[in-house]
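Listed below, chain by chain, are the residues.
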Amino acid sequence: MQARLRAPGGCPWDREQTHSTLRTYLIEEAYEVLDVLDSKDDSRFAEELGDLLLQVLFHAQIAAETRRFSITDVIREIHDKMIRRHPHVFGNVKAKTSAQVLRNWELLKKQERQSKSPNSESSISSTPLTSSTSNSGHDSLLDGVPHTIPALLEAFQLTRKAARIGFDWPDVEGIFDKLHEESTELREVLRKKESDARIESELGDILFVAVNLSRFLHVDPEIALHKASAKFTRRFHEMEKIAREKGTSLSEIPRPQLESLWDQSKQRELSQDSAK
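Residues numbered from 1 in each chain as written. Predicted model: local features only at pLDDT ≥ 70, side-chain atom pairs only at ≥ 80, totals over all residues. Heavy atoms only, no water.

Visitor: Looking at this structure, I do not really get the overall build of the chain. What am I missing?
Guide: A count of helical and extended segments in the chain gives 12 helices and zero strands. Counted from the first residue to the last, the chain has its helices and strands arranged as α-α-α-α-α-α-α-α-α-α-α-α. Relative to the globule expectation of 19 Å for 276 residues, the C-alpha radius of gyration of the chain, 24 Å, shows a markedly less compact shape. Projected onto the principal axes, the alpha-carbon positions of the chain cover approximately 65 × 55 × 40 Å. With 276 residues in all, the chain has 24% of them scored as buried. Put simply, of all contacts in the chain between residues at least 6 apart along the chain, 49% involve residues at least 24 apart. Roughly 19,100 Å² of accessible area belongs to the chain as shown, and the carbon and sulfur atoms make up 56% of that amount. Of the charged side chains in the chain, 40 are positive and 45 negative, and the gap between their average positions amounts to 3 Å. (Helix = DSSP H or I, 4+ residues; strand = E, 2+ residues; numbered from the N terminus. Rg over C-alpha atoms; globule rule 2.2 N^0.38 Å. Buried < 20%, exposed > 50% of the residue type's maximum accessible area, 1.4 Å probe, protein only. Contact = heavy atoms within 4.5 Å. Areas by Shrake-Rupley, 256 points an atom, 1.4 Å probe, with all protein chains shown as cover. Lys, Arg positive; Asp, Glu negative; His and termini not counted. Charge placed at Lys NZ, Arg CZ, Asp CG, Glu CD.)

Visitor: Even after reading the chapter, I still don't get the nonpolar core, so can you show me in this structure?
Guide: Counting six residues, the largest nonpolar core is built from Met 239, Ile 242, Ala 243, Leu 250, Ile 253 and Leu 261. Per-element tally for this core: the top contributor is helix H11 (residues 221-245), with three residues. When residues no more than four places from it in sequence are discounted, the contact partners of Met 239 are Leu 250, Leu 258, Leu 261, Trp 262 and Ser 265. (Core = buried A, V, L, I, M, F, W, Y, C linked by side-chain atoms within 4.5 Å.)

Visitor: Just to check I follow, could you spell out the confidence of the model for the chain for this structure?
Guide: Detailed reading of the predicted coordinates is not advisable wherever pLDDT is low. For the chain, per-residue confidence averages 87 on the pLDDT scale, and 91% of positions sit at 70 or higher. Confidence drops under a pLDDT of 50 for residues 120-132, and excluding neighbours within four residues, the segment shows 22 contacts in the predicted structure. (pLDDT = per-residue confidence, 0-100.)

Visitor: Just to check I follow, could you spell out the layout of surface pockets for this structure?
Guide: Picture a little ball the size of a water molecule; that probe, rolled over the atoms, points out where space is still empty. Of the volumes computed, that of the second largest pocket is approximately 470 Å³. Lining the second largest pocket are 16 residues, and of these Leu 102, Ala 163, Asp 168, Arg 215 and His 218 lie nearest its centre. Residue assignment for the lining of the second largest pocket shows that the elements contributing at least two residues are helix H7 (98-115), helix H8 (151-164) and helix H10 (196-216). Looking at which element gives the most residues to the lining of the second largest pocket, the answer is H8, with four residues. Its residues placed into classes, the lining of the second largest pocket shows eight nonpolar, two polar and six charged. (1 Å grid on protein atoms, 1.4 Å probe; cavity = no way out; pocket = protein on both sides within 12 Å on 5 of 7 lines; lining within 4 Å. Points joined across faces, edges and corners; volume = space filled by probe spheres on them. Nonpolar A, V, L, I, M, F, W, Y, C, P; charged D, E, K, R; others polar.)

Visitor: Would you take a moment to explain the packing of aromatic side chains for this structure?
Guide: Between two aromatic rings, the relevant description is the distance of the centres plus the angle of the planes. With the rule as written, the count across this model stands at four aromatic pairs. With a centroid separation of 6.3 Å and an interplanar angle of 70 degrees, the aromatic rings of Trp 13 and Phe 58 are classed as edge-to-face. Of the two residues, Trp 13 is situated in helix H2 (residues 12-16) and Phe 58 in helix H4 (residues 42-65); the sequence distance between them amounts to 45 residues. Ring centres 5.6 Å apart and planes at 35 degrees place the aromatic pair Phe 232 and Trp 262 in the tilted group. Note that Phe 232 is positioned in helix H11 and Trp 262 in helix H12 (residues 255-275), a separation of 30 residues in sequence. Judged by its relative accessible area of 47%, Phe 232 falls in the partly exposed class. Three or more aromatic residues joined by ring pairs form one cluster here, namely Trp 13, Tyr 25 and Phe 58. (Phe/Tyr/Trp six-rings, centres within 6.5 Å; stacked < 30°, edge-to-face > 60°.)

Visitor: Hey, could you run me through the side chain of Gln 157 in this one?
Guide: Here Gln 157 lies in helix H8. Setting aside residues up to four positions removed in sequence, Gln 157 forms contacts with Val 145, Pro 146 and Ile 149.

Visitor: So what exactly am I meant to see when it comes to H7 here?
Guide: For an α-helix, the turn length of 3.6 residues means that residues three or four places apart are oriented alike. With 18 residues, H7 extends 26 Å between its outermost C-alpha atoms, agreeing within 8% with the 26 Å of an ideal straight helix rising 1.5 Å per residue. Inspection of H7 places Val 101, Trp 105, Glu 106, Glu 112 and Arg 113 among the buried residues, and these make up the whole buried set. Around the axis of H7, the buried residues are gathered within 135 degrees of arc, so they sit on the same side. For H7, the exposed residues set more than 90 degrees away from the buried face come down to Ala 99 and Ser 115. At its buried positions, H7 is contacted by helix H5 (71-85), helix H6 (87-90) and H8. (Expected span 1.5 Å × (residues − 1). Arc of directions from axis to C-beta.)

Visitor: Honestly, the environment of Ile 71 in this entry has me stumped. Any pointers?
Guide: Position of Ile 71 relative to the elements: it lies in helix H5. Ile 71 sits 10 residues away from Gln 61 along the chain, and the two C-alpha atoms are 7.1 Å apart. The contacts of Ile 71, once residues within four sequence positions are left out, are Val 56, Leu 57 and Ala 60.

Visitor: I tried to follow the packing of H8 against H11 on my own but got confused; where do I start?
Guide: Any two packed helices are characterised by the angle at which their axes cross and by the distance between the axes. Following both chains from N to C, one finds H8 and H11 inclined at 145 degrees, their axes separated by 8 Å at the closest point. Seen from H8, the contacting residues are Leu 152, Leu 153 and Phe 156; seen from H11, they are Pro 221, Glu 222 and Leu 225. Considered class by class, the residues forming the contact of H8 with H11 number five nonpolar, no polar and one charged. (Axes fitted to C-alpha atoms, helices over the stretch in contact; angles between N-to-C directions.)

In structure tokens, the structure reads:
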């Protein structure tokens, strides 16, 4: 079907697309899957997964037209990779815990990168050109994290890779201590009225620690922040509704009363949730 859409006499829009023009759709479809993931609407969930799969097929078809690779290569690559990365299932390696599995995964991944020659004839690169790479010229366990992803997700992946080889806090209290330390440093920088660059740096450290906290708690920070934004939006809309009921608007309400409206909107949401 995808080949037919791209063929002469097919769909003009599909024929115009390139790998670059489809980037936005790939991201959008992935987020739409996340948006419906927590719902109980299996039909929509399946539909959104299909839309995401279509993007994979689309890219594979474009690549096949220039004889770079095909959907068969895509499937074979991931099939073979999963076999290699699960020697505790398909081989004789022992791994009793998820932590051991993840540690082995990172080590195997590093070995695979080292075994591939830079001049490999393979048309499918194992490391994106935009990925984080070691400045020393040597392979790093942090290689393979693309810079093009959202900053929260980049930090999440970097710290996750480090944690898989044991570079991590022994418990969550250590992260809370670090968060307090970084907050204190930012307060000190603000007190001394230091440069914007220093403030930015210290604030970045706080965000980085927060990402570490989310990873340690097995929470994706990108998804958590997305849900927090959605919650803020719902409650703000409720504030606007309450203001309209009072015959006014938020811009005309004094700051202290806005706090009261926020509490009211929060209570309304909690009451609605408990009634469900």
